[in-house]
Amino acid sequence: MEKVFLKLREWDGLVIAWLRTHVITLIQLSTGLIYVVFGGLKLFPNYSPAQDLGVDTVQLLTSHLLTPNVSLTMLAIIEVVIGLGLLLNFKRQWMIRIALWHMACTFLPLVFLPDYTFTSTPFSLSLVGQYILKNLVIVGALLAVYSHSGQDN
């Protein structure tokens, strides 16, 4: 049994060594994929569970200057572009800056659209509120990748 544990520790060491070299790329690619998928769903009406939230947030930010269809299409395109930029490692720092701006906007419904984000009890997050709060993980991922970026990549 001791040989099995030694072998597992050896494999664990190899995995950790490999991750030290590749983890930032994995984070960048997985974040890019999330952006492409979530943004891509918004290109098809009623496919994204965040469609109404996204439209209402863009409407709030633009003082209803854009129609709901334009708001949703614009949001979808921004998300897909960020995702493709991360997947293709194109202008990584700029894509991350735009993504961080986008992430900041995703938190606005917690303050300005509380009917979406909280249940009847104060401080009790709805499913939408939880969906928004998970974006903290994406922010952390973006910051990790950004911290390993070269100048104006």
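Bear in mind that the values here come from a model prediction, so they are computed numbers and not experimental data. (Residues numbered from 1 in each chain as written. Predicted model: local features only at pLDDT ≥ 70, side-chain atom pairs only at ≥ 80, totals over all residues. Heavy atoms only, no water.)

**Q** Got a sec to walk through the side chain of His102? Specific residues and values, please.
**A** Tracing the backbone through its elements, the reader meets His102 in helix α4 (residues 92–106). Note on His102: relative accessible area 7%, which makes it buried. At a separation of 3.0 Å, a polar atom in the side chain of His102 contacts the side chain of Glu79. Apart from residues no more than four positions distant in its own chain, His102 is found in contact with Tyr35, Leu75, Glu79 and Ile82. (Helix = DSSP H or I, 4+ residues; strand = E, 2+ residues; numbered from the N terminus. Buried < 20%, exposed > 50% of the residue type's maximum accessible area, 1.4 Å probe, protein only. Polar contact = N/O pair within 3.5 Å; in protein donor to acceptor, adjacent residues only side chain to side chain. Contact = heavy atoms within 4.5 Å.)

**Q** Tell me about the pattern of salt bridges, and please be specific about residues and values.
**A** Counted according to the given criterion, the structure contains two salt bridges. Glu10 is the partner of Lys7 in a salt bridge, and the nearest nitrogen-oxygen pair spans 3.6 Å. Within this pair, Lys7 and its partner Glu10 are both found in helix α1 (residues 2–42), separated by three residues, close to a single helical turn. In this structure Lys7 comes out as partly exposed when scored by relative accessible area, which is 38%. Exposure remark for Glu10: the relative accessible area of 43% places this residue in the partly exposed category. (Salt bridge = Lys/Arg side-chain N within 4 Å of Asp/Glu carboxyl O.)

**Q** Account for the layout of surface pockets, naming residues and giving values.
**A** Empty space within the largest pocket amounts to approximately 420 Å³. Around the largest pocket sit 26 residues that line it, and Gly54, Leu75, Glu79, His102 and Thr106 are the ones nearest its centre. Looking at the lining of the largest pocket, the elements with two or more residues in it are α1, α2 (51–61), α3 (68–87), α4, α7 (127–133) and α8 (135–147). A per-class count over the lining of the largest pocket returns 17 nonpolar, six polar and three charged. (1 Å grid on protein atoms, 1.4 Å probe; cavity = no way out; pocket = protein on both sides within 12 Å on 5 of 7 lines; lining within 4 Å. Points joined across faces, edges and corners; volume = space filled by probe spheres on them. Nonpolar A, V, L, I, M, F, W, Y, C, P; charged D, E, K, R; others polar.)

**Q** Please provide a residue-by-residue account of a nonpolar patch on the surface, values included.
**A** A surface patch of nonpolar side chains, about 630 Å² in accessible area, is lined by Leu29, Leu33, Val37, Leu84, Leu87, Leu88 and Phe90. By residue number, the principal contributor to the nonpolar patch is α1, which donates three residues. Among the structural elements, Leu29 can be located in helix α1. Overall, the relative accessible area of 35% leaves Leu29 in the partly exposed class. (Patch = residues over 30% accessible without salt bridge, like charges linked within 9 Å, V, L, I, M, F, W, Y side chains within 5 Å. Areas by Shrake-Rupley, 256 points an atom, 1.4 Å probe, with all protein chains shown as cover.)

**Q** Kindly report on the side chain of Gln59, identifying the contributing residues and their values.
**A** With respect to the element layout, Gln59 can be found in helix α2. Residue contacts for Gln59: discarding those within four places in its chain leaves His64, Leu66, Thr67, Pro68 and Ser71.

**Q** Give me the lowdown on the nonpolar core, citing residues and values where you can.
**A** In a soluble, globular protein the nonpolar side chains are often hidden away together inside. By size, the foremost hydrophobic cluster in this structure holds 12 residues: Ile24, Tyr35, Ile82, Leu86, Met95, Ile96, Ala99, Met103, Ile138, Val139, Leu142 and Val145. Elements with a minimum of two residues in this core: α1, α3, α4 and α8. (Core = buried A, V, L, I, M, F, W, Y, C linked by side-chain atoms within 4.5 Å.)

**Q** Before we move on, could you go through α8 and cite the residues and values that matter?
**A** In this model α8 runs 18 Å from its N-terminal to its C-terminal C-alpha over 13 residues, within 8% of the 18 Å that 1.5 Å per residue would give. By the burial criterion, the buried members of α8 are Asn135, Ile138, Val139, Ala141, Leu142 and Val145. Seen from one end, α8 has its buried residues packed into an arc of 160 degrees, which puts them on one side. In α8, the exposed positions that point more than 90 degrees away from the buried face belong to Val137 and Ser147. In this structure, the buried residues of α8 make contact with α1, α3, α4 and α7. (Expected span 1.5 Å × (residues − 1). Arc of directions from axis to C-beta.)

**Q** Before we move on, could you go through the environment of Leu75 and cite the residues and values that matter?
**A** For Leu75, the location among the structural elements is in helix α3. Along the chain, Leu75 and Val4 lie 71 residues apart, while their C-alpha atoms are 51 Å from each other.

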